[in-house]
Amino acid sequence: MSKQPEEKRVLGLTKKQRSHLYTALFVIVFLVFFFVNNSFEETKPGPYPPNYKAKIDPSSRETVPDFQLASVTGEIMSLSDYKDKIVILDFWATWCAPCRKAIPDLIELKNEYPSDKFEIIGISLDTDTKDDVIPFVEQFKINYPIVYGEFNTARQYGNIQSIPTSFVLDKEGRIYTSYIGYVNKDIYKKDIEKLLEE
């Protein structure tokens, strides 16, 4: 009968014992890091939609630049005329499919909130299609002011590269949230309701 070779020991431990020891050490180290990390880190708010950028603290909000732009009715409109109101600025164009999808929601929002507390301003970035704006407004029965944006306006608002881009402003004309792309009406409503409470 052949004799089985004796198992090699390291630090007086067999291979199986060392495996158990390493596993136990790993678990201990993991638990230490877990408790240390969670003891000192403040709770973070969330979750939010992917492009949600709420500025809850009013002192952290950025004031947007004022503008004076021609409206589809021929008037010159200034953003500063809407101070003391919550404002949605919607950068859009007639040829933009997501912009067209958003317009019925914006029309409904305009109807849901009193005009002395809330306003929407659509800033058209149509250039070659500028002549299409007024017929578009009439066709969709848009019930909020539409103005003609300029290159300088888009530049002042962060060099807008994609539309729709929208900003929800508080009553002091500061950015509370900003969005790129189509935004569901319910998300806007949450922003508006929070700002109405301030």
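One structure accompanies this document, and this report is about it. (Residues numbered from 1 in each chain as written. Predicted model: local features only at pLDDT ≥ 70, side-chain atom pairs only at ≥ 80, totals over all residues. Heavy atoms only, no water.)

**What about the state of the cysteines?**
Alright, step 1. Inspection of every chain in the model, using the stated rule, returns one disulfide.
Alright, step 2. At a sulfur-sulfur separation of 2.3 Å, the disulfide partner of Cys96 is Cys99. Between Cys96 and Cys99 the disulfide shows an S-S torsion of about 80 degrees. By sign, it is right-handed. Accessibility classification places Cys96 together with Cys99 in one group, the buried group. (Disulfide = S-S within 2.5 Å. Buried < 20%, exposed > 50% of the residue type's maximum accessible area, 1.4 Å probe, protein only.)

**A word on the layout of surface pockets**
Empty space left among the atoms is revealed by rolling a probe the size of a water molecule over them.
Alright, step 1. Within this model, the largest pocket holds a volume of roughly 280 Å³.
Alright, step 2. Looking at the largest pocket, it is lined by 16 residues, and the ones nearest its centre are Leu125, Thr127, Glu150, Phe151 and Ala154.
Alright, step 3. Residues that form the lining of the largest pocket fall into these classes: six nonpolar, six polar and four charged. (1 Å grid on protein atoms, 1.4 Å probe; cavity = no way out; pocket = protein on both sides within 12 Å on 5 of 7 lines; lining within 4 Å. Points joined across faces, edges and corners; volume = space filled by probe spheres on them. Nonpolar A, V, L, I, M, F, W, Y, C, P; charged D, E, K, R; others polar.)

**Details of the pairing of strand β3 (residues 86–92)**
Alright, step 1. Among the seven residues of β3, seven are classified as buried, and the element is accordingly described as predominantly covered.
Alright, step 2. Both β3 and strand β4 (residues 118–124) contribute to a ladder of seven bridges, which runs parallel. Bridge pairing links Ile88 to Ile120 in β4.
Alright, step 3. Crossover connection from β3 via helix α2 (residues 97–112) to parallel β4: handedness right-handed. (Helix = DSSP H or I, 4+ residues; strand = E, 2+ residues; numbered from the N terminus. Pairing = 2+ DSSP bridges. Right-handed = clockwise from strand over helix to strand, strands pointing away.)

**Focus: the pattern of salt bridges**
Alright, step 1. Applying the stated criterion across every chain yields a total of eight salt bridges.
Alright, step 2. Taking the shortest distance from any N to any O, the salt bridge between Glu108 and Lys185 comes out at 2.6 Å. Linking Glu108 in helix α2 with Lys185 in helix α5 (residues 185–196), this pair joins segments that are 77 residues apart in sequence.
Alright, step 3. The exposure class assigned to Glu108 is partly exposed, which follows from its relative accessible area of 37%.
Alright, step 4. Of the residues examined, Lys185 reaches a relative accessible area of 15% and is grouped as buried.
Alright, step 5. The shortest N-O distance in the salt bridge between Glu112 and Lys185 comes to 3.1 Å. Of this pair, Glu112 sits in helix α2 while Lys185 sits in helix α5, and the two are 73 residues apart along the sequence.
Alright, step 6. Residue classification places Glu112 among the partly exposed positions, given a relative accessible area of 36%. (Salt bridge = Lys/Arg side-chain N within 4 Å of Asp/Glu carboxyl O.)

Keep in mind these numbers describe shape, not what the thing actually does.
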